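# Observations on the three-dimensional arrangement
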Amino acid sequence: LYPADAQIASDLYQRAVLTSPRRQQLFFALADFHYRQNNPDEAMKYERKAMEEDPELGQAHLAYGISLLFRLKDQVNGPKEILLSQTVSFPYMVGLRELPAVSEAAFLVKDKEALKLIIDRYSKLGTTAEYVRFYGDFARRLEAAGYQDLLEEFYRALPVETVSQV
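Residues numbered from 1 in each chain as written. Predicted model: local features only at pLDDT ≥ 70, side-chain atom pairs only at ≥ 80, totals over all residues. Heavy atoms only, no water.

### Some words on the overall build of the chain
Looking only at helices and strands, the chain has 10 helices and zero strands in total. Listing the helices and strands of the chain from first to last along the sequence gives α-α-α-α-α-α-α-α-α-α. Overall, the C-alpha framework of the chain stretches about 55 × 30 × 25 Å when taken along its three principal axes. The buried share of the chain, taken over its 166 residues, is 43%. Pairs at least 24 apart in sequence give 51% of the contacts found in the chain among residues at least 6 apart. (Helix = DSSP H or I, 4+ residues; strand = E, 2+ residues; numbered from the N terminus. Buried < 20%, exposed > 50% of the residue type's maximum accessible area, 1.4 Å probe, protein only. Contact = heavy atoms within 4.5 Å.)

### With respect to the side chain of E47
If you trace the backbone, E47 turns up in helix 3 (residues 40-53). For the buried E47, no salt bridge exists, and the shortest N-O distance to an oppositely charged side chain is 5.5 Å, to R71. Ignoring anything within four residues of it in the chain, the contact list for E47 reads A31, Y35, A63, Y64 and S67. (Lys, Arg positive; Asp, Glu negative; His and termini not counted. Salt bridge = Lys/Arg side-chain N within 4 Å of Asp/Glu carboxyl O.)

### Some points on the nonpolar core
Judged by nonpolar contacts, the single largest core of 27 residues is most densely connected at V102, L115, I118, I119, F138, L142 and F154. Elements supplying a minimum of two residues to this core: helix 4 (58-71), helix 5 (77-84), helix 6 (99-108), helix 7 (112-122), helix 8 (129-144) and helix 9 (148-157). Take this core: its biggest share by element is six residues, from helix 8. Look past the residues within four positions of F154 in its chain and what remains in contact with it is I119, S123, Y135, F138, A139 and L142. Counting residues in each nonpolar core, the second largest holds 16 residues, with A43, A50, M51 and L68 among its members. (Core = buried A, V, L, I, M, F, W, Y, C linked by side-chain atoms within 4.5 Å.)

Okay, structure coming up:
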């Protein structure tokens, strides 16, 4: 993006916000735009705004939490926001791309309830090689953390055809 184009894009985004001032998708798009322009402070401002507009929207907590944890290395507030994305009134159902971040947050703060929620909600998502790889990593981390009870529950929850591959 050329600097002149970036300014035009920014102006267009701002006009869109004026027409729909509470639309979270615009805030996510603006955050992404500012990250791509190497302006993380401004990007996080829009992620926070999306969260403030609707604190019960899980997607906003996930985006903000990921930025806190992985961009700012905030191992207290980042995991808190990520895990909140799973327990608000409208939790964000993550896919394989975001699932490792949710898992990492739960392990970082040693939240067994969050780990159980991951098992209950996400252990049957898929049987592709990518899912099997995630499931294997998740099982190894449960074992390393000494969560034998959760590990057994996890194996029981997995699709039968994936257990032998994990």
